[in-house]
Amino acid sequence: MARLELDGVSKHYGDFYAAREVTLDVAEGEFLVLLGPSGCGKTTTLRAIAGFVEPSAGTVRIGGKDVTRLPPWKRNTGLVFQNYALFPHLTVAQNVAFGLEMRKVSKADAATKVNEALRLVRLDHLGDRLPRQLSGGQQQRVALARALVFRPDVLLLDEPLSNLDAKLRNEVRVEIRSLQQRLGITTVMVTHDQEEALTMADRLVVMSEGKVRQVGSQRDLYERPADRFVAGFVGRSSFLEGHMSGDTLTTPGGLAIKCARKIAGEAVVALRPERVFVGTEPVTTADNSFPGEVEFVSYMGGLIDIHVRLSEHDQVIAQVPNHDGSVLPAVGDRVHVGWAPTSAVFPAEHNGMDG
Ligand code: ATP
(Lines give C-alpha, C1' and ligand atoms only; values in the text may rest on other atoms or scores of the structure.)
Protein backbone atom coordinates (compact mmCIF):
# COMPACT_ATOMS: atom_id res chain seq x y z
CA MET A 1 0.00 0.00 0.00
CA ALA A 2 1.38 3.37 -1.01
CA ARG A 3 0.48 6.85 -2.07
CA LEU A 4 0.30 7.33 -5.84
CA GLU A 5 0.92 10.69 -7.47
CA LEU A 6 0.66 11.81 -11.06
CA ASP A 7 2.05 15.21 -11.78
CA GLY A 8 1.23 16.79 -15.15
CA VAL A 9 1.31 13.46 -17.02
CA SER A 10 0.79 13.85 -20.79
CA LYS A 11 1.03 11.37 -23.62
CA HIS A 12 0.88 12.42 -27.22
CA TYR A 13 1.06 10.48 -30.45
CA GLY A 14 2.17 12.98 -33.10
CA ASP A 15 0.11 16.04 -32.34
CA PHE A 16 -2.75 14.04 -30.79
CA TYR A 17 -2.90 14.10 -26.99
CA ALA A 18 -4.29 10.86 -25.51
CA ALA A 19 -3.69 12.28 -22.00
CA ARG A 20 -3.07 15.91 -21.24
CA GLU A 21 -1.50 17.17 -17.99
CA VAL A 22 -3.16 14.63 -15.76
CA THR A 23 -2.49 15.42 -12.10
CA LEU A 24 -3.84 13.07 -9.43
CA ASP A 25 -3.04 12.33 -5.81
CA VAL A 26 -4.29 8.95 -4.61
CA ALA A 27 -4.02 8.38 -0.86
CA GLU A 28 -2.77 5.13 0.68
CA GLY A 29 -5.57 2.59 0.62
CA GLU A 30 -7.85 4.76 -1.51
CA PHE A 31 -10.02 3.37 -4.34
CA LEU A 32 -9.95 5.86 -7.20
CA VAL A 33 -12.00 5.34 -10.35
CA LEU A 34 -11.22 6.92 -13.71
CA LEU A 35 -14.50 7.44 -15.50
CA GLY A 36 -15.21 8.82 -18.94
CA PRO A 37 -16.44 8.05 -22.44
CA SER A 38 -14.54 5.83 -24.85
CA GLY A 39 -11.29 7.41 -26.00
CA CYS A 40 -11.07 9.96 -23.15
CA GLY A 41 -7.63 8.76 -22.03
CA LYS A 42 -8.47 6.53 -19.05
CA THR A 43 -6.51 3.51 -20.23
CA THR A 44 -3.57 5.65 -21.33
CA THR A 45 -3.43 7.11 -17.82
CA LEU A 46 -3.67 3.68 -16.18
CA ARG A 47 -0.96 2.31 -18.48
CA ALA A 48 1.29 5.22 -17.65
CA ILE A 49 0.96 4.25 -13.98
CA ALA A 50 1.67 0.59 -14.80
CA GLY A 51 4.63 1.45 -17.01
CA PHE A 52 3.26 0.22 -20.33
CA VAL A 53 2.99 3.75 -21.69
CA GLU A 54 5.90 6.13 -21.34
CA PRO A 55 4.61 9.64 -20.64
CA SER A 56 5.72 12.39 -23.04
CA ALA A 57 5.83 14.70 -20.02
CA GLY A 58 5.12 14.60 -16.30
CA THR A 59 5.98 12.37 -13.37
CA VAL A 60 4.52 9.24 -11.78
CA ARG A 61 5.44 8.61 -8.13
CA ILE A 62 4.61 5.54 -6.07
CA GLY A 63 5.29 5.78 -2.35
CA GLY A 64 7.14 9.05 -3.00
CA LYS A 65 9.52 7.40 -5.48
CA ASP A 66 9.74 8.60 -9.08
CA VAL A 67 8.91 5.55 -11.24
CA THR A 68 8.23 7.42 -14.50
CA ARG A 69 11.06 5.78 -16.41
CA LEU A 70 10.97 2.36 -14.71
CA PRO A 71 9.74 -0.65 -16.72
CA PRO A 72 6.51 -2.32 -15.52
CA TRP A 73 8.25 -5.21 -13.75
CA LYS A 74 10.29 -2.84 -11.62
CA ARG A 75 7.21 -1.05 -10.29
CA ASN A 76 5.26 -2.80 -7.61
CA THR A 77 1.89 -2.60 -9.37
CA GLY A 78 -0.59 -5.41 -10.00
CA LEU A 79 -2.66 -5.09 -13.16
CA VAL A 80 -5.95 -6.81 -14.01
CA PHE A 81 -7.02 -6.61 -17.64
CA GLN A 82 -10.50 -6.63 -19.10
CA ASN A 83 -9.90 -9.94 -20.91
CA TYR A 84 -8.11 -11.48 -17.86
CA ALA A 85 -5.10 -12.39 -20.06
CA LEU A 86 -4.63 -15.80 -18.39
CA PHE A 87 -2.25 -18.32 -19.95
CA PRO A 88 -4.56 -21.03 -21.31
CA HIS A 89 -2.04 -23.88 -21.01
CA LEU A 90 -1.14 -23.13 -17.37
CA THR A 91 -3.25 -24.20 -14.40
CA VAL A 92 -4.88 -21.65 -12.12
CA ALA A 93 -2.06 -22.02 -9.57
CA GLN A 94 0.63 -21.74 -12.27
CA ASN A 95 -1.04 -18.63 -13.66
CA VAL A 96 -0.97 -17.03 -10.23
CA ALA A 97 2.64 -18.14 -9.63
CA PHE A 98 3.87 -16.68 -12.92
CA GLY A 99 4.60 -13.20 -11.60
CA LEU A 100 6.46 -14.65 -8.63
CA GLU A 101 8.77 -16.67 -10.87
CA MET A 102 9.56 -13.47 -12.78
CA ARG A 103 10.46 -11.92 -9.44
CA LYS A 104 12.67 -14.88 -8.51
CA VAL A 105 10.72 -15.90 -5.41
CA SER A 106 11.75 -19.36 -4.12
CA LYS A 107 9.48 -22.32 -5.02
CA ALA A 108 8.41 -23.01 -1.41
CA ASP A 109 7.67 -19.37 -0.75
CA ALA A 110 5.79 -19.10 -4.02
CA ALA A 111 3.55 -22.07 -3.17
CA THR A 112 2.50 -20.44 0.11
CA LYS A 113 1.88 -17.09 -1.52
CA VAL A 114 -0.16 -18.64 -4.36
CA ASN A 115 -2.30 -20.48 -1.86
CA GLU A 116 -2.88 -17.32 0.14
CA ALA A 117 -3.83 -15.35 -2.97
CA LEU A 118 -6.22 -18.04 -4.16
CA ARG A 119 -7.78 -18.18 -0.70
CA LEU A 120 -8.34 -14.42 -0.84
CA VAL A 121 -10.46 -14.84 -3.97
CA ARG A 122 -12.02 -18.11 -2.68
CA LEU A 123 -10.51 -20.32 -5.39
CA ASP A 124 -7.99 -22.33 -3.36
CA HIS A 125 -9.91 -25.53 -4.21
CA LEU A 126 -9.49 -24.98 -7.98
CA GLY A 127 -5.73 -24.49 -8.27
CA ASP A 128 -5.27 -27.49 -10.58
CA ARG A 129 -7.85 -26.48 -13.18
CA LEU A 130 -7.10 -24.87 -16.51
CA PRO A 131 -8.66 -21.45 -17.23
CA ARG A 132 -11.07 -22.94 -19.79
CA GLN A 133 -12.53 -25.14 -17.06
CA LEU A 134 -13.63 -22.03 -15.13
CA SER A 135 -16.57 -19.64 -15.45
CA GLY A 136 -15.95 -16.04 -16.52
CA GLY A 137 -16.32 -14.82 -12.95
CA GLN A 138 -13.82 -17.41 -11.69
CA GLN A 139 -11.31 -16.51 -14.42
CA GLN A 140 -11.64 -12.89 -13.40
CA ARG A 141 -10.85 -13.85 -9.80
CA VAL A 142 -7.75 -15.78 -10.93
CA ALA A 143 -6.58 -12.61 -12.69
CA LEU A 144 -7.18 -10.72 -9.46
CA ALA A 145 -5.24 -13.31 -7.43
CA ARG A 146 -2.37 -13.06 -9.92
CA ALA A 147 -2.28 -9.30 -9.45
CA LEU A 148 -2.43 -9.55 -5.65
CA VAL A 149 0.01 -12.42 -5.12
CA PHE A 150 3.10 -10.27 -4.81
CA ARG A 151 1.35 -7.76 -2.55
CA PRO A 152 1.58 -4.80 -4.95
CA ASP A 153 1.77 -1.24 -3.67
CA VAL A 154 -0.89 -0.25 -6.17
CA LEU A 155 -3.62 -2.37 -7.77
CA LEU A 156 -4.68 -1.30 -11.28
CA LEU A 157 -7.94 -2.55 -12.74
CA ASP A 158 -8.69 -1.99 -16.43
CA GLU A 159 -12.44 -2.47 -17.01
CA PRO A 160 -12.21 -5.70 -14.99
CA LEU A 161 -15.93 -6.46 -15.00
CA SER A 162 -17.02 -5.65 -18.51
CA ASN A 163 -16.89 -9.26 -19.75
CA LEU A 164 -19.24 -10.50 -17.03
CA ASP A 165 -23.02 -10.65 -17.20
CA ALA A 166 -24.99 -8.08 -15.22
CA LYS A 167 -25.77 -10.25 -12.18
CA LEU A 168 -22.25 -11.56 -11.82
CA ARG A 169 -20.86 -8.07 -12.31
CA ASN A 170 -22.78 -6.89 -9.24
CA GLU A 171 -21.44 -9.75 -7.14
CA VAL A 172 -17.83 -9.37 -8.25
CA ARG A 173 -18.05 -5.61 -7.71
CA VAL A 174 -18.86 -6.12 -4.05
CA GLU A 175 -16.20 -8.82 -3.77
CA ILE A 176 -13.42 -6.67 -5.24
CA ARG A 177 -14.37 -3.66 -3.18
CA SER A 178 -14.48 -5.54 0.13
CA LEU A 179 -11.20 -7.32 -0.63
CA GLN A 180 -9.59 -3.99 -1.51
CA GLN A 181 -10.82 -2.48 1.77
CA ARG A 182 -9.71 -5.49 3.80
CA LEU A 183 -6.20 -5.39 2.29
CA GLY A 184 -6.14 -1.57 2.37
CA ILE A 185 -4.54 -1.55 -1.06
CA THR A 186 -4.29 1.66 -3.09
CA THR A 187 -6.36 1.00 -6.21
CA VAL A 188 -7.07 2.72 -9.51
CA MET A 189 -9.83 1.34 -11.71
CA VAL A 190 -10.83 2.37 -15.21
CA THR A 191 -14.42 2.08 -16.32
CA HIS A 192 -16.94 3.76 -18.58
CA ASP A 193 -19.76 2.28 -16.50
CA GLN A 194 -21.16 5.00 -14.29
CA GLU A 195 -22.99 2.75 -11.89
CA GLU A 196 -19.88 0.66 -11.37
CA ALA A 197 -17.83 3.79 -10.74
CA LEU A 198 -20.31 5.26 -8.30
CA THR A 199 -20.75 2.07 -6.27
CA MET A 200 -17.05 1.18 -5.95
CA ALA A 201 -15.08 4.41 -5.66
CA ASP A 202 -13.89 6.44 -2.71
CA ARG A 203 -13.30 9.25 -5.21
CA LEU A 204 -13.87 9.56 -8.92
CA VAL A 205 -12.02 11.26 -11.73
CA VAL A 206 -14.11 12.29 -14.73
CA MET A 207 -12.06 12.58 -17.92
CA SER A 208 -12.81 13.74 -21.43
CA GLU A 209 -10.53 14.40 -24.39
CA GLY A 210 -7.47 13.39 -22.41
CA LYS A 211 -8.13 15.89 -19.64
CA VAL A 212 -9.29 15.60 -16.06
CA ARG A 213 -12.60 17.45 -15.81
CA GLN A 214 -13.28 16.91 -12.13
CA VAL A 215 -12.02 14.89 -9.18
CA GLY A 216 -14.35 14.36 -6.26
CA SER A 217 -16.75 12.22 -4.29
CA GLN A 218 -19.94 10.86 -5.80
CA ARG A 219 -21.84 13.71 -4.17
CA ASP A 220 -19.40 16.38 -5.44
CA LEU A 221 -19.84 15.20 -9.00
CA TYR A 222 -23.59 14.83 -8.83
CA GLU A 223 -24.48 17.94 -6.86
CA ARG A 224 -21.60 20.26 -7.70
CA PRO A 225 -20.50 19.36 -11.25
CA ALA A 226 -17.51 21.33 -12.48
CA ASP A 227 -18.90 21.87 -15.95
CA ARG A 228 -21.64 20.94 -18.34
CA PHE A 229 -19.81 17.83 -19.48
CA VAL A 230 -19.70 16.38 -15.94
CA ALA A 231 -23.33 17.38 -15.27
CA GLY A 232 -24.36 15.45 -18.38
CA PHE A 233 -22.04 12.49 -17.92
CA VAL A 234 -22.57 11.69 -14.24
CA GLY A 235 -26.27 10.98 -13.83
CA ARG A 236 -28.58 12.78 -16.19
CA SER A 237 -29.50 16.42 -16.45
CA SER A 238 -31.81 18.58 -18.48
CA PHE A 239 -29.99 21.73 -19.53
CA LEU A 240 -31.76 25.06 -19.67
CA GLU A 241 -29.87 27.88 -21.32
CA GLY A 242 -30.56 31.57 -21.43
CA HIS A 243 -29.73 34.99 -20.14
CA MET A 244 -29.42 35.61 -16.41
CA SER A 245 -30.44 38.84 -14.81
CA GLY A 246 -30.64 38.90 -11.03
CA ASP A 247 -31.92 35.49 -9.97
CA THR A 248 -33.91 34.86 -13.15
CA LEU A 249 -32.87 32.90 -16.20
CA THR A 250 -34.84 33.86 -19.29
CA THR A 251 -34.67 31.22 -21.99
CA PRO A 252 -35.03 31.81 -25.75
CA GLY A 253 -38.35 29.95 -25.41
CA GLY A 254 -39.60 32.67 -23.06
CA LEU A 255 -39.46 30.83 -19.74
CA ALA A 256 -38.52 32.95 -16.73
CA ILE A 257 -36.84 30.50 -14.36
CA LYS A 258 -36.14 31.46 -10.75
CA CYS A 259 -32.69 30.31 -9.61
CA ALA A 260 -30.99 30.18 -6.24
CA ARG A 261 -28.10 32.42 -7.33
CA LYS A 262 -27.72 35.80 -8.91
CA ILE A 263 -25.55 35.71 -11.98
CA ALA A 264 -25.17 38.13 -14.88
CA GLY A 265 -24.93 37.13 -18.53
CA GLU A 266 -25.38 33.98 -20.57
CA ALA A 267 -25.73 30.87 -18.42
CA VAL A 268 -26.84 27.27 -18.37
CA VAL A 269 -28.41 25.38 -15.49
CA ALA A 270 -28.58 21.62 -15.02
CA LEU A 271 -31.71 20.07 -13.59
CA ARG A 272 -31.72 16.50 -12.24
CA PRO A 273 -34.80 14.51 -13.35
CA GLU A 274 -35.74 13.38 -9.84
CA ARG A 275 -36.00 17.01 -8.72
CA VAL A 276 -38.79 17.77 -11.20
CA PHE A 277 -42.42 17.39 -10.13
CA VAL A 278 -45.13 16.54 -12.66
CA GLY A 279 -48.86 17.06 -12.20
CA THR A 280 -52.07 17.89 -13.97
CA GLU A 281 -52.31 21.26 -12.14
CA PRO A 282 -49.72 24.04 -11.73
CA VAL A 283 -47.12 23.02 -9.15
CA THR A 284 -47.86 25.41 -6.28
CA THR A 285 -45.22 23.96 -3.97
CA ALA A 286 -42.34 25.04 -6.24
CA ASP A 287 -41.38 28.56 -7.34
CA ASN A 288 -40.99 27.38 -10.91
CA SER A 289 -44.05 25.90 -12.56
CA PHE A 290 -44.57 25.65 -16.30
CA PRO A 291 -47.15 23.98 -18.53
CA GLY A 292 -45.91 21.59 -21.17
CA GLU A 293 -46.66 18.64 -23.39
CA VAL A 294 -45.50 15.07 -22.77
CA GLU A 295 -43.20 13.99 -25.61
CA PHE A 296 -41.95 10.64 -24.41
CA VAL A 297 -42.62 8.24 -21.52
CA SER A 298 -40.24 5.52 -20.50
CA TYR A 299 -41.45 2.88 -18.05
CA MET A 300 -38.57 1.36 -16.09
CA GLY A 301 -40.38 -0.57 -13.38
CA GLY A 302 -39.78 1.31 -10.15
CA LEU A 303 -39.25 4.63 -11.94
CA ILE A 304 -40.86 6.41 -14.83
CA ASP A 305 -39.15 8.95 -17.08
CA ILE A 306 -41.35 11.66 -18.53
CA HIS A 307 -39.95 14.01 -21.18
CA VAL A 308 -41.91 17.26 -21.24
CA ARG A 309 -41.61 19.99 -23.88
CA LEU A 310 -42.00 23.45 -22.38
CA SER A 311 -41.31 25.51 -25.49
CA GLU A 312 -39.77 25.12 -28.91
CA HIS A 313 -36.35 25.50 -27.23
CA ASP A 314 -36.89 24.02 -23.77
CA GLN A 315 -37.42 20.46 -22.65
CA VAL A 316 -37.08 18.84 -19.23
CA ILE A 317 -37.00 15.24 -18.12
CA ALA A 318 -38.79 14.27 -14.93
CA GLN A 319 -38.23 10.98 -13.17
CA VAL A 320 -41.04 9.95 -10.87
CA PRO A 321 -41.45 6.91 -8.62
CA ASN A 322 -43.98 4.35 -9.74
CA HIS A 323 -46.29 4.44 -6.70
CA ASP A 324 -49.28 2.22 -6.13
CA GLY A 325 -52.02 3.50 -8.41
CA SER A 326 -49.74 5.96 -10.27
CA VAL A 327 -51.44 7.30 -13.35
CA LEU A 328 -48.99 7.38 -16.22
CA PRO A 329 -49.28 10.37 -18.53
CA ALA A 330 -49.45 9.55 -22.23
CA VAL A 331 -47.55 11.17 -25.07
CA GLY A 332 -49.39 14.35 -26.07
CA ASP A 333 -50.92 14.96 -22.61
CA ARG A 334 -50.80 18.50 -21.25
CA VAL A 335 -49.10 18.54 -17.84
CA HIS A 336 -47.40 20.98 -15.47
CA VAL A 337 -43.84 20.58 -14.28
CA GLY A 338 -42.19 22.38 -11.39
CA TRP A 339 -38.98 22.56 -9.42
CA ALA A 340 -37.43 24.56 -6.60
CA PRO A 341 -34.85 27.27 -7.46
CA THR A 342 -32.22 25.32 -5.51
CA SER A 343 -32.73 22.31 -7.82
CA ALA A 344 -31.32 24.13 -10.86
CA VAL A 345 -27.56 23.76 -10.50
CA PHE A 346 -25.02 26.04 -12.12
CA PRO A 347 -21.96 24.03 -13.12
CA ALA A 348 -18.93 25.42 -11.29
CA GLU A 349 -17.69 27.01 -14.55
CA HIS A 350 -20.10 29.84 -13.69
CA ASN A 351 -18.29 30.57 -10.44
CA GLY A 352 -17.12 34.11 -10.13
CA MET A 353 -19.90 35.43 -12.36
CA ASP A 354 -22.15 36.54 -9.53
CA GLY A 355 -23.58 39.96 -10.15
P1 ATP B 1 -11.83 3.06 -24.00
O2 ATP B 1 -12.85 3.18 -22.92
O3 ATP B 1 -12.44 2.97 -25.37
O4 ATP B 1 -10.78 2.03 -23.74
P5 ATP B 1 -10.01 5.14 -23.10
O6 ATP B 1 -10.61 6.30 -22.40
O7 ATP B 1 -9.37 4.12 -22.26
O8 ATP B 1 -11.08 4.49 -24.06
P9 ATP B 1 -7.44 5.44 -24.36
O10 ATP B 1 -7.24 4.00 -24.69
O11 ATP B 1 -6.66 5.99 -23.25
O12 ATP B 1 -9.00 5.75 -24.14
O13 ATP B 1 -7.16 6.28 -25.68
C14 ATP B 1 -7.25 7.69 -25.73
C15 ATP B 1 -7.06 8.15 -27.14
O16 ATP B 1 -5.71 7.93 -27.54
C17 ATP B 1 -7.93 7.43 -28.14
O18 ATP B 1 -8.42 8.36 -29.09
C19 ATP B 1 -6.98 6.45 -28.80
O20 ATP B 1 -7.36 6.18 -30.13
C21 ATP B 1 -5.66 7.18 -28.72
N22 ATP B 1 -4.51 6.23 -28.63
C23 ATP B 1 -4.31 5.33 -27.66
N24 ATP B 1 -3.17 4.63 -27.90
C25 ATP B 1 -2.67 5.10 -29.07
C26 ATP B 1 -1.50 4.79 -29.87
N27 ATP B 1 -0.64 3.84 -29.50
N28 ATP B 1 -1.33 5.50 -30.99
C29 ATP B 1 -2.18 6.47 -31.38
N30 ATP B 1 -3.29 6.82 -30.67
C31 ATP B 1 -3.53 6.15 -29.54
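Here the structure is shown first, and the text comes after it.
Residues numbered from 1 in each chain as written. Predicted model: local features only at pLDDT ≥ 70, side-chain atom pairs only at ≥ 80, totals over all residues. Heavy atoms only, no water.

**A closer look at helix 3 (residues 107-120)**
The terminal C-alpha atoms of helix 3, which comprises 14 residues, lie 20 Å apart, in line with the 20 Å expected from a rise of 1.5 Å per residue. The complete set of buried residues in helix 3 reads Ala110, Val114, Ala117, Leu118 and Leu120. Buried residues in helix 3, looked at end-on, bunch into an arc of 150 degrees, giving them a common side. Here the buried face of helix 3 lies against helix 2 (92-102), helix 4 (136-148) and helix 5 (166-183). Of the residues one or two after helix 3, Arg122 is the one with positive phi, at around 60 degrees. (Helix = DSSP H or I, 4+ residues; strand = E, 2+ residues; numbered from the N terminus. Expected span 1.5 Å × (residues − 1). Buried < 20%, exposed > 50% of the residue type's maximum accessible area, 1.4 Å probe, protein only. Arc of directions from axis to C-beta. Contact = heavy atoms within 4.5 Å.)

**Considerations on the pairing of strand 1 (residues 4-13)**
Two elements, strand 1 and strand 4 (residues 57-62), share five bridges in a ladder whose sense is antiparallel. Pairing of Leu4 across the sheet is with Ile62, part of strand 4. Here seven bridges tie strand 1 to strand 2 (residues 16-26), and the two strands are oriented antiparallel to one another. In the sheet register, Val9 faces strand 2, and the bridge partner there is Val22. (Pairing = 2+ DSSP bridges.)

**Here's the deal with the site of the ligand**
Taken together, Tyr13, Phe16, Ala18, Pro37, Ser38, Gly39, Cys40, Gly41, Lys42, Thr43, Thr44 and Glu159 form the complete shell of residues around the ligand. In this structure, an oxygen atom belonging to the ligand sits 2.5 Å away from a side-chain N or O atom of Ser38. Contacts to the ligand include Lys42, whose side-chain N or O atom sits 2.9 Å from an oxygen atom. Considered on its own, the ligand offers 640 Å² of accessible surface; in the complex 59% of this is hidden by protein. For the shell around the ligand, the elements supplying multiple residues, two or more each, are strand 2 and helix 1 (42-50). Tallied by class, residues from the shell around the ligand come to five nonpolar, five polar and two charged. (Near = heavy atom within 4 Å. Polar contact = N/O pair within 3.5 Å; in protein donor to acceptor, adjacent residues only side chain to side chain. Areas by Shrake-Rupley, 256 points an atom, 1.4 Å probe, with all protein chains shown as cover. Nonpolar A, V, L, I, M, F, W, Y, C, P; charged D, E, K, R; others polar.)

**Here we look at the sheet that holds strand 1**
The strand order 2-1-4-5 describes an open sheet built from four strands, whose pairing is antiparallel. With partners counted over all chains shown, the strands left at the sheet margins are strand 2 and strand 5 (65-66), one partner each. Taken strand by strand, helix 1 contacts strand 1, strand 2 and strand 4, and its axis lies near 120 degrees from that of strand 1. (Axes fitted to C-alpha atoms, helices over the stretch in contact; angles between N-to-C directions.)

**A look at the pattern of salt bridges**
Counted by the stated rule, this structure contains 17 salt bridges. Where Arg3 meets Asp25, a salt bridge forms, and the shortest distance between an N and an O atom there is 2.7 Å. Here Asp25 lies in strand 2 and Arg3 lies in the segment before strand 1, a separation of 22 residues in the sequence. Note on Arg3: relative accessible area 38%, which makes it partly exposed. (Salt bridge = Lys/Arg side-chain N within 4 Å of Asp/Glu carboxyl O.)

**Considerations on the layout of surface pockets**
Of the pockets and cavities examined, the largest pocket occupies roughly 470 Å³. Forming the walls of the largest pocket are 18 residues, and the residues nearest its centre are Phe52, Leu79, Gly99, Arg103 and Phe150. Counting residues per element, the ones that place at least two in the lining of the largest pocket are strand 6 (77-80), helix 2 and helix 4. Here the second largest pocket is characterised by a volume of approximately 320 Å³. Forming the boundary of the second largest pocket are 15 residues, of which Val278, Ile306, Val327, Leu328 and Pro329 lie nearest the centre. (1 Å grid on protein atoms, 1.4 Å probe; cavity = no way out; pocket = protein on both sides within 12 Å on 5 of 7 lines; lining within 4 Å. Points joined across faces, edges and corners; volume = space filled by probe spheres on them.)

**As for the packing of helix 2 against helix 3**
At their nearest, the axes of helix 2 and helix 3 sit 9 Å apart, and the two run at 120 degrees to each other. Taken as axis vectors, helix 2 and helix 3 run oblique relative to one another. Helix 2 and helix 3 meet at a crossing whose hand is right-handed. Within the contact between the two elements, helix 2 uses Val92, Ala93, Val96, Ala97 and Leu100 and helix 3 uses Ala110, Lys113, Val114, Ala117 and Leu118. (Parallel < 35°, antiparallel > 145°, perpendicular 65-115°, else oblique. Left-handed = near helix turned anticlockwise from the far one by under 90°.)

**Focus: unusual backbone geometry**
Note: most peptide bonds trans; most residues except glycine with negative phi. Positive phi outside glycine occurs at Glu21, with the angle close to 45 degrees. Relative to the helices and strands, Glu21 is located in strand 2. Of note in this structure, Glu209 is not a glycine but carries a positive phi near 50 degrees.

**A word on the environment of Thr250**
Mapped onto the elements, Thr250 comes out in strand 12 (residues 248-250). Judged by its relative accessible area of 39%, Thr250 is partly exposed. Between the C-alpha atom of Thr250 and that of Glu266, which follows or precedes it by 16 residues, the distance is 9.5 Å.

**Things to note about the pairing of strand 4**
Both faces of the sheet carry side chains from a regular strand, because those side chains alternate between them. As defined by bridge partners, strand 4 adjoins strand 5 across two bridges and the pair is classed as antiparallel. Directly across from Ile62, in strand 5, lies its bridge partner Lys65. From the end of strand 4 to the start of strand 5, which pair antiparallel, there are two residues, and Gly63 there has a positive phi angle of about 60 degrees.

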